[in-house]
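Chain and residue survey
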Amino acid sequence: YRSRALVFVVDVARGERSAQETLDEVEMLRAEAIKFDPLNAQKPWMVVGTKCDSLHRDALYHLDSLHFRLRARYGLEVPVVGTSSRFGLGLTRLVRTIRQLIFPDLLE
């Protein structure tokens, strides 16, 4: 196989667009990955929200909404990490979360 986990990156600085669109985008990306290789359905996965520094575009609202909508839809904790490449925020947590997905028994 090619990977041990899937990471979907979405722009959460959506402004006027609805929080539902963010969820739809994640589900479309996951469906495409599964269509490409059906084994991807069995892999752990997470979502990375970018542009979390764009407070004027409701980025944190959309990130939080995405977390709760994924939990309601799939009935499990899908890791959602917010990042800002502009300020380097969330990168340490992102790396830690990816490691936990790939090596769940090695890290606490």
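The structure under discussion appears in the preceding block.
What the chain contains, in helices and strands, is three helices and three strands. When the helices and strands of the chain are listed from N to C terminus, the series reads β-α-β-α-β-α. Dimensions of the chain along its principal axes, counting C-alpha atoms only, are 40 × 30 × 25 Å. Evaluated residue by residue, the chain yields a buried proportion of 36% over its 108 residues. In the chain, the share of contacts with a sequence separation of at least 24, taken over all contacts with a separation of at least 6, comes to 67%. Taken as a whole, the chain presents about 6900 Å² of accessible surface, with 55% of it coming from carbon and sulfur.

On to the nonpolar core. Of all hydrophobic cores here, the largest spans 17 residues; its most connected members are Val26, Trp45, Val47, Leu66 and Leu70. Elements with a minimum of two residues in this core: β1 (6-11), α1 (19-36), β2 (45-50) and α2 (59-74). With four residues, the top contributor of residues to this core is α2. Once you skip the residues sitting within four places of it in the chain, Val47 turns out to touch Phe8, Val10, Val26, Leu66, Leu70, Val78, Pro79, Val80 and Val81.

This part covers the packing of aromatic side chains. For the structure on display, the rule yields two aromatic pairs. Measuring from ring centre to ring centre gives 5.4 Å for Trp45 and Tyr74, while their planes differ by 85 degrees; the resulting arrangement is edge-to-face. Taken as a pair, Trp45 in strand β2 and Tyr74 in helix α2 lie far apart in primary sequence, 29 residues in all. With relative accessibility at 29%, the residue Tyr74 sits in the partly exposed group. An aromatic cluster is defined as three or more aromatic residues linked by ring pairs; in this entry it consists of Phe8, Trp45 and Tyr74.

Strand order in the open sheet made by the three strands is β1-β2-β3, with parallel pairing throughout. The strands lining the two open edges of the sheet, one partner per strand, are β1 and β3 (80-82). Pairs of neighbouring strands in the sheet enclose a mean axial angle of 25 degrees, with direction left out of account. Inspection of the sheet shows β2 paired to β3 by three bridges, in the parallel sense.

Rules and cut-offs
- Residues numbered from 1 in each chain as written.
- Predicted model: local features only at pLDDT ≥ 70, side-chain atom pairs only at ≥ 80, totals over all residues.
- Heavy atoms only, no water.
- Helix = DSSP H or I, 4+ residues; strand = E, 2+ residues; numbered from the N terminus.
- Buried < 20%, exposed > 50% of the residue type's maximum accessible area, 1.4 Å probe, protein only.
- Contact = heavy atoms within 4.5 Å.
- Areas by Shrake-Rupley, 256 points an atom, 1.4 Å probe, with all protein chains shown as cover.
- Core = buried A, V, L, I, M, F, W, Y, C linked by side-chain atoms within 4.5 Å.
- Phe/Tyr/Trp six-rings, centres within 6.5 Å; stacked < 30°, edge-to-face > 60°.
- Pairing = 2+ DSSP bridges.
- Axes fitted to C-alpha atoms, helices over the stretch in contact; angles between N-to-C directions.

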